[in-house]
Amino acid sequence: MDTIWLSGAEWLAVLRIGLGLWWLESWRHKDRKGWLERGTGIAWAADVAAEHRWNAVRSGFDAVVAPRPRTMAYVVVYAELALGLGLVTGLLTPVALVGGLLLNLLYLVLMIHDWAEQGQNSMMALISLVALFGMSWQTWSLDDAFGLFR
């Protein structure tokens, strides 16, 4: 593979780190006090799920999220932080990439009517796939330094 300036593995690391920074920005700008103390994020998601055109989304939300809103708020908020840190540092990278892909797909399905969110979630999911199948942890990562996932 011919590339400009960096090797192919280094460009994949850049992509992985950029995705991690995107997750960290998502965590940084989130109103954590609203999410964790007032339940605003889960309440908003409940409203979206209640109006969703797919019954599976409504019933899935009611079965999994609605009974435990506080726990789910913590899961969402701190999953975004963990994904960002894992991808930027390259620690447990394949786990972070699969976790991020699943979270983006959940966001994508929940917000199927919100076209602005669709672009972000579909691009983050695509980057996760490319970084996963390109084994982006081979360069500039703690996984590589520790000899993990070889």
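Residues numbered from 1 in each chain as written. Predicted model: local features only at pLDDT ≥ 70, side-chain atom pairs only at ≥ 80, totals over all residues. Heavy atoms only, no water.

Enquirer: Help me understand the packing of aromatic side chains in this model?
Expert: By the definition in use, this model includes four aromatic pairs. Ring plane angle 55° and centroid distance 6.5 Å describe the contact between Trp23 and Tyr107, whose orientation is recorded as tilted. With Trp23 in helix α1 (residues 8–29) and Tyr107 in helix α6 (residues 93–110), this pair connects stretches of sequence that are 84 residues apart. For the pair Trp23 and Tyr107, one class covers both residues: buried. Judged by centre distance (6.0 Å) and plane angle (20°), the rings of Tyr74 and Tyr78 are stacked. Placement of the pair is Tyr74 and Tyr78 together in helix α5 (residues 69–89), with a separation of four residues, close to one helical turn. By relative accessible area, Tyr74 is classed as partly exposed at 33%. For Tyr78, a relative accessible area of 37% gives the class partly exposed. In this structure, Arg32 is placed above the aromatic ring of Trp27, and the distance from its NZ or CZ to the ring centre is 4.0 Å. (Phe/Tyr/Trp six-rings, centres within 6.5 Å; stacked < 30°, edge-to-face > 60°. Helix = DSSP H or I, 4+ residues; strand = E, 2+ residues; numbered from the N terminus. Buried < 20%, exposed > 50% of the residue type's maximum accessible area, 1.4 Å probe, protein only. Lys NZ or Arg CZ within 6 Å of the ring centre and 35° of its normal.)

Enquirer: Which parts of the structure should I look at to understand the environment of Met135?
Expert: The topology assignment puts Met135 in the loop between α7 (115–133) and α8 (142–146). Residue classification places Met135 among the partly exposed positions, given a relative accessible area of 34%.

Enquirer: Explain the nonpolar core to me, please; I cannot follow it from the model alone.
Expert: A general tendency of soluble globular proteins is for nonpolar side chains to be buried together. Leu19, Trp23, Trp35, Ile42 and Leu97 are the most contacted members of the largest nonpolar core, which has 30 residues in total. Going through the elements one at a time, α1, α2 (32–38), α3 (40–50), α4 (55–64), α5, α6 and α7 are the ones with two or more residues in this core. By residue number, the principal contributor to this core is α5, which donates seven residues. Residues contacting Ile42, with those up to four places away along its chain left out, are Trp35, Phe61, Val65, Pro69, Met72 and Ala73. (Core = buried A, V, L, I, M, F, W, Y, C linked by side-chain atoms within 4.5 Å. Contact = heavy atoms within 4.5 Å.)

Enquirer: Is there a simple way to explain the side chain of Asn104 in this structure?
Expert: Of note, Asn104 is situated in helix α6. Looking at Asn104, its side chain comes within polar contact range of the side chain of Asn121, at 2.9 Å. Leave out the neighbours within four places in its chain, and Asn104 touches Trp23, Asn121, Met124 and Ala125. (Polar contact = N/O pair within 3.5 Å; in protein donor to acceptor, adjacent residues only side chain to side chain.)

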